[in-house]
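This is what each chain is made of:
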Amino acid sequence: MMRWGYLTERALRGPVVGRKNYNGAAAVWSAHLASRAWTIITTAQRAGLNPLTYLTAYLDACAAFASKPLEGTDLARFLPWAASEQDLKIWRGPPP
């Protein structure tokens, strides 16, 4: 039990300390943006994916979708637990 607490604290250390340098610690919008970004990156890492490759694939798909956020099945494709084995294999590797 003690080990999980330590791992959790270590995982939060970077975002907590770094936030002071990420567009100001007092900006609420910055905190929301940072929390979303870290959630996505951490989810990718825990799924064994390369976050840069994963995010590049997502942003490329958004660009192909008229530069708008993905919806429905287009978005569901990027959920690590719903992604195809082919996509997961690509996203585990280095960025293109």
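Residues numbered from 1 in each chain as written. Predicted model: local features only at pLDDT ≥ 70, side-chain atom pairs only at ≥ 80, totals over all residues. Heavy atoms only, no water.

1. Things to note about the overall build of the protein
This is how it is decided: The secondary structure listing takes helices from DSSP runs of H or I that are at least 4 residues long and strands from runs of E that are at least 2 residues long, numbered from the N terminus. Three labels apply to residues, based on accessible area from a 1.4 Å probe with only protein chains included: buried if under 20% of the type maximum, exposed if over 50%, partly exposed otherwise in between. Contact definition: two residues touch when any of their heavy atoms are within 4.5 Å. Each accessible area is a Shrake-Rupley estimate made with a 1.4 Å probe; only the visible protein chains count as cover when residues are assessed.
From N to C terminus, the protein includes five helices and zero strands. Reading the helices (α) and strands (β) of the protein from amino to carboxyl end gives α-α-α-α-α. The proportion of buried residues among the 96 residues of the protein is 21%. Of all intrachain contacts in the protein linking residues separated by at least 6 positions in sequence, the fraction that spans at least 24 positions is 40%. By element, 63% of the accessible surface of the protein is carried by carbon and sulfur atoms, the whole surface being about 7300 Å².

2. Some remarks on the confidence of the model for the protein
For the record, the criterion: The score called pLDDT rates the predictor's confidence residue by residue, from a low of 0 to a high of 100.
Per-residue pLDDT for the protein has a mean of 82; in total, 73% of the residues score no lower than 70. Per-element confidence in the protein ranges from a low mean pLDDT of 62 for helix 1 (residues 2–18) to a high of 96 for helix 5 (residues 85–92).

3. Details of the nonpolar core
The following threshold applies: We call a set of buried Ala, Val, Leu, Ile, Met, Phe, Trp, Tyr and Cys residues a nonpolar core when their side-chain atoms join them within 4.5 Å.
Residues Ala-44, Leu-49, Tyr-54, Ala-61, Cys-62, Leu-70, Phe-78, Ala-83, Leu-88 and Trp-91 constitute the largest nonpolar core, which totals ten residues. When residues of this core are traced back to their parent elements, those giving at least two are helix 3 (51–64) and helix 5. The element best represented in this core is helix 3, accounting for three residues.

4. Side note on the packing of helix 2 (residues 28–46) against helix 3
How two helices sit against one another is set out by the angle between their axes and by the gap between those axes. Note the cut-off: Each axis is a line fitted through C-alpha atoms, taken for helices only over the stretch in contact, and angles between the N-to-C directions span 0 to 180 degrees. Convention used here: angles under 35 degrees read as roughly parallel, angles over 145 as roughly antiparallel, angles from 65 to 115 as roughly perpendicular, and any remaining angle as oblique. Crossings are assigned a handedness: left-handed for a near helix turned anticlockwise from the far helix by less than a right angle, right-handed for a clockwise turn. Residues are grouped as follows: Ala, Val, Leu, Ile, Met, Phe, Trp, Tyr, Cys and Pro are nonpolar; Asp, Glu, Lys and Arg are charged; all remaining types, including Gly, are polar.
Orientation of helix 2 relative to helix 3, taken along the N-to-C sense of each, is 120°, at an axis distance of 9 Å. The pairing of helix 2 with helix 3 is recorded here as oblique in orientation. As helix 2 packs across helix 3, the resulting crossing turns out to be right-handed. Together, Ile-40, Ile-41, Ala-44 and Gln-45 of helix 2 and Pro-51, Tyr-54 and Leu-55 of helix 3 make up the contact between the two elements. Residue composition of the contact of helix 2 with helix 3, grouped by class: six nonpolar, one polar and no charged.

5. Description of the pattern of salt bridges
Put simply, the rule reads: Every case where a carboxyl oxygen of Asp or Glu lies within 4 Å of a side-chain nitrogen of Lys or Arg is listed as a salt bridge.
Applying the stated criterion to the full structure yields one salt bridge. The partner of Arg-77 in a salt bridge is Asp-87, with the nearest N and O atoms 2.8 Å apart. Pair noted here: Arg-77 is in the loop between helix 4 (72–76) and helix 5 and Asp-87 is in helix 5, with a separation of ten residues, a long-range link. The buried category is assigned to Asp-87, whose relative accessible area is 11%.

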